[in-house]
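Working through the structure, step by step
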Amino acid sequence: MSHGQHYAQFNNNTASSWWKDGGMRKGFIHIFILYSAVYSLGYDGSLLNGLQALPEWVRDFDAPTGTRLGLIAATYYLPKIPMTFVIAYLVDKYGRKLTLYLGAVFMLAGSLLGGFAQNVGQLMGSRVLLGVGTAAAQISACALVPELAHPRIRHWAGSFLNVTYFIGSIFAAWLTFAMVYYPATSSWSWRVPNLIQGFGPVILCLGTWFVPQSPRWLVKNGREAEAHKILADYHANGEMDDELVQFEMREIRAAVEMEKVGDQSSWLSFFKTPGNRRRFLVIILLGTVTQWAGNGIISYFLIPVLKTVGITSSTQQTGINGGLSIWSWWCAILGASLVERAGRRTLFLVSIGGMLACFVIMLGLSGGYAATKHTSTGLAMVPFIFLFNAFYAIAMTPIPMLYVPEITPLSLRAKAASLLLLSQNCAQSFNQFANPVALAAIGWKYYAVYVGVLIIYFVLFWFYVRETRGLTTEEAAVVYESDETREAALDAAYRQERADSPSGELKEAKEEVERRA
């Protein structure tokens, strides 16, 4: 029998609605500041598409295509692969705020270098800086948002984090659309969008000063009084003896103490128990599906894709890019709103199944256009590009950054976020080389590859991904354990909720969980 308790069972000094509560309003403002870390990801995702449609950018960088275009795109992702381990260490060692500052500085430097670039080498250097900066900011924000959010709004705060991607995407898409009408021959048509990319990092850098440190990190480093004060201010309007705040403090102390017993915070911990091995597999699945579902073609190589079906006008290309960003944003908001109603697993399966159907149809339409060159056949593909993005956005945008922290023990949360980002970047780096080369070599036939990939992902998600809808924090964290191990962990969590347990009892409970695993 599960003994997990819902947060609603504790008396809490807050208003019934978050907008009526001072502490929760302040918390939301700080969470919105953290969202700017993901805004920059979206800006870059749409910017490169828009720049490829600007004749001045194509002229100044010698019309990059194929491998050369892939290398320009990949320089944004390749540095993230080794830096992920460094960032995870810094986040755990020095707290979430330091890496937020570092991320903002690197992103700002990258936008300035990109805006004033004189050659392809400088352009690629700017993307390296942007890649490192966005990685640092994203990992830190992914860990800090659920640690600061009030339990009542934690699923909203987590699911809407990645939705911010499309705010940056929309801004960049329509800015490059406007630059199509900038005076011909001027390089400022592409320099301005690159320089404006620094807008997000400036907000993040200035805003991070006001964002509090992670209460969990503070407790781990012996600063319990500070952690208690932060939780009281944000979750109970300063009431230090609030029941919910007291429960959260007990939960954090217990998790930190459990982490000390048996070193559950190293990377090797992912391979020590069956439950952690299952989590590792699921995180890799989530990270790769967000890049290998076929979105890699549409998000970074939309312009070459449109050219394969006869859409060659710069105005048409940038207009479709801008419209696609707005459409995807609304669909991502819808998905984020449904995570508790429909469930995470259900949305994942609907998303993959819908993308698979769209790719089958797009494969047929693009093949038909290649054979007949009928403009109507090529244009018919555009609605299915929008429909594909809708299915992608309802699950793959809002859920991974919510789901991964949910299913991971507190001691591995930062590393789990890093692992998610690492798998995404490895998959995306492959995309940047493979997609432009394959599109140039075999054109529309390349879509058939993603039909097969999506079938494989649907089967894997059906058998391996588990639901966390409606579960409390301690229940979601052990959902990938065996039944016996899950019961033992929940029993231990229940005992820790009832009273502060001495380290000896915690050690005994930990050993019991490990024996059953």
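One numbering rule holds for all chains: residues counted from 1, following each sequence as written. Predicted model: local features are reported for residues with pLDDT of at least 70 only, side-chain atom pairs are reported and counted for 80 or more only, and whole-chain, interface and lining totals are derived from all residues. To obtain the side-chain values, all non-hydrogen atoms of the structure were included, while hydrogens and water were left out.

1. Digging into the environment of Asn12
Only runs of H or I of at least four residues qualify as helices and only runs of E of at least two qualify as strands under DSSP, and these elements are numbered from the N terminus. Inspection of the secondary structure puts Asn12 in the segment before helix H1 (22-52). A relative accessible area of 21% means that Asn12 is categorised as partly exposed. For the pair Asn12 and Val245, spaced 233 residues apart in sequence, the C-alpha to C-alpha distance is 7.9 Å. Apart from residues lying up to four places away in sequence, Asn12 is in contact with His150, Arg152, His235, Ala236, Asp242 and Leu244. Definition of a polar contact: a pair of N or O atoms within 3.5 Å, with one able to donate and the other able to accept a hydrogen when the atoms are protein atoms, and with sequence-neighbouring residues admitted only if both atoms are side-chain atoms. From its side chain, Asn12 meets the backbone oxygen of His235 in a polar contact 2.8 Å long. Type-normalised accessible area, obtained with a 1.4 Å probe on protein chains alone, sets the label of each residue: buried when under 20%, exposed when over 50%, and partly exposed for intermediate values. The contact criterion used is simple: two residues touch if any of their non-hydrogen atoms lie within 4.5 Å.

2. So, the side chain of His150
Looking at where His150 falls in the secondary structure, it is placed in the loop between helix H6 (120-148) and helix H7 (154-161). Judged by relative accessible area, His150 falls into the buried class, the value being 3%. If near-sequence neighbours (up to four positions away) are discounted, His150 is found in contact with Asn12, Thr14, Met24, Tyr234, His235 and Leu244.

3. Observations concerning the pattern of salt bridges
Whenever a carboxyl oxygen of Asp or Glu lies within 4 Å of a side-chain nitrogen of Lys or Arg, that contact is scored as a salt bridge. Going through the model one piece at a time under the given rule, you end up with 12 salt bridges. Residue Glu147 is joined to Arg96 by a salt bridge in which the shortest nitrogen-to-oxygen separation is 2.7 Å. Placement of Glu147 in helix H6 and of Arg96 in helix H5 (residues 96-115) is noted, with a sequence separation of 51 residues between them. Judged by relative accessible area, which is 9%, Glu147 ranks as buried. Of the residues examined, Arg96 reaches a relative accessible area of 1% and is grouped as buried. Taking the shortest distance from any N to any O, the salt bridge between Asp233 and Lys229 comes out at 2.7 Å. Taken together, the positions of Asp233 and Lys229, both in helix H12 (residues 224-236) and 4 residues apart, correspond to about one turn of that helix. According to the relative accessible area criterion, Lys229 is partly exposed, its value standing at 42%. Linked through salt bridges whose partners overlap, the residues forming this network are Asp92, Arg96, Glu147 and Lys415.

4. Some words on the environment of Trp217
By the secondary structure assignment, Trp217 is in helix H11 (residues 215-220). For Trp217, a relative accessible area of 8% corresponds to the buried category. Each C-alpha atom of the pair Trp217 and Val91 lies 9.2 Å from the other, and the pair is 126 residues apart in sequence. For Trp217, the contacting residues outside a window of four places in its chain are Val91, Asp92, Lys93, Tyr94, Gly95, Arg96 and Arg223. One polar contact links the side chain of Trp217 to the main-chain carbonyl oxygen of Asp92, over a distance of 3.0 Å.

5. Examining the nonpolar core
Leu286, Phe348, Ile352, Met355, Phe359, Tyr403 and Phe461 are the most contacted members of the largest nonpolar core, which totals 63 residues. Taken together, the elements giving at least two residues each to this core come down to helix H14 (274-292), helix H17 (314-338), helix H18 (344-372), helix H20 (381-393), helix H21 (400-407), helix H22 (413-442) and helix H23 (447-464). Of all the elements, H18 adds the most residues to this core, at 10 residues. If sequence neighbours within four positions are ignored, Met355 has contacts with Ala293, Phe388, Phe391, Tyr392, Met396 and Leu454. The nonpolar core is taken to be a set of buried Ala, Val, Leu, Ile, Met, Phe, Trp, Tyr and Cys residues, with the residues joined through side-chain atoms within 4.5 Å.

6. Some points on the confidence of the model for the protein chain
Predictor confidence is given residue by residue as pLDDT, running from a minimum of 0 to a maximum of 100. Here the protein chain averages 81 in pLDDT, while 85% of its residues score no lower than 70. Every residue in residues 1-5 scores below 50 in pLDDT, and together they form 18 contacts with partners more than four places removed in sequence or on other chains. Note that pLDDT drops below 50 for residues 512-517; the model gives that stretch 13 contacts with residues more than four away or on any other chain.

7. Here's the deal with the packing of H14 against H21
Structural elements are reduced to axes, namely lines fitted to C-alpha atoms, with helices fitted over the stretch in contact, and the angle between N-to-C directions of any two is expressed from 0 to 180 degrees. Contact geometry of H14 with H21 gives a least axis separation of 11 Å together with a crossing angle of 170°. With respect to H21, the axis of H14 lies roughly antiparallel. Within the contact between the two elements, H14 uses Arg279, Val282, Ile283, Leu286 and Thr290 and H21 uses Pro400, Tyr403, Val404 and Ile407. A breakdown of the residues in the contact of H14 with H21 according to their chemical character gives 7 nonpolar, 1 polar and 1 charged. Every angle not falling under 35 degrees, over 145, or within 65 to 115 is termed oblique; those three ranges are roughly parallel, roughly antiparallel and roughly perpendicular. Amino acids outside the nonpolar list (Ala, Val, Leu, Ile, Met, Phe, Trp, Tyr, Cys, Pro) and the charged list (Asp, Glu, Lys, Arg) are all regarded as polar, and Gly is one of them.

8. Brief notes about helix H8 (residues 165-179)
Spacing of three or four residues puts side chains on the same side of an α-helix, whose turn is 3.6 residues. With 15 residues, H8 extends 21 Å from end C-alpha to end C-alpha; this agrees with the ideal 21 Å at 1.5 Å per step. Every buried residue of H8 is accounted for by Phe166, Gly168, Ser169, Ile170, Ala172, Ala173, Leu175, Thr176, Phe177 and Met179. Take the residue count of a helix, subtract one, and multiply by 1.5 Å to get its expected span.

9. Comments concerning the packing of helix H4 (residues 80-94) against H5
Orientation of H4 relative to H5, taken along the N-to-C sense of each, is 135°, at an axis distance of 6 Å. When the axes of H4 and H5 are compared, the pair comes out oblique. Contact with H4, carried on its side by Ile87, Leu90, Val91, Asp92 and Tyr94, involves Arg96, Leu98, Thr99 and Leu102 of H5 and no other residues of that element. Looking at the contact of H4 with H5, its residues break down into 6 nonpolar, 1 polar and 2 charged.

10. Side note on the packing of aromatic side chains
Each Phe, Tyr or Trp ring (for Trp, its six-membered ring) is paired with any other whose centre lies within 6.5 Å, and the angle between the two planes then decides the class: stacked below 30 degrees, edge-to-face above 60, tilted in between. Enumeration over the complete set of coordinates arrives at 24 aromatic pairs. Measuring from centroid to centroid gives 5.3 Å for Phe348 and Phe461, while their planes differ by 65°, and the two rings are edge-to-face. Linking Phe348 in helix H18 with Phe461 in helix H23, this pair joins segments that are 113 residues apart in sequence. Per residue, the accessibility class of Phe348 equals that of Phe461, and both read buried. Among the aromatic residues, those joined into a cluster by ring pairs are Phe359, Phe388, Tyr446, Tyr447 and Tyr450. Put simply, a charge is over a ring when the Lys NZ or the Arg CZ is close to the ring centre, within 6 Å, and near the line of the ring normal, within 35 degrees. Over the ring of Tyr234 we find Lys26; its NZ or CZ atom is 4.9 Å from the centre of that ring.

11. So, the side chain of His228
If you trace the backbone, His228 turns up in helix H12. A polar contact of 2.8 Å, which involves the side chain of His228, links it to the backbone oxygen of Met240. In contact with His228, not counting residues within four places along its chain, are Met240, Val245, Gln246 and Met249.

12. Examining a nonpolar patch on the surface
Residues form patches when they are more than 30% accessible in relative terms and have no salt bridge. Like charges link within 9 Å. Nonpolar side chains (Val, Leu, Ile, Met, Phe, Trp, Tyr) link within 5 Å. Every accessible area reported is derived by Shrake-Rupley at a probe size of 1.4 Å, with residue values counting cover from the shown protein chains alone. Taken together, the side chains of Leu108, Leu112, Phe116, Tyr182, Trp188, Val202 and Leu206 define a hydrophobic patch exposed on the protein surface, amounting to about 630 Å² of accessible area. Elements with a contribution of two residues or more to the nonpolar patch: H5 and helix H10 (199-208). As for its placement among the helices and strands, Phe116 is situated in the loop between H5 and H6. Using a relative accessible area of 46% as the deciding quantity, one classes Phe116 as partly exposed.

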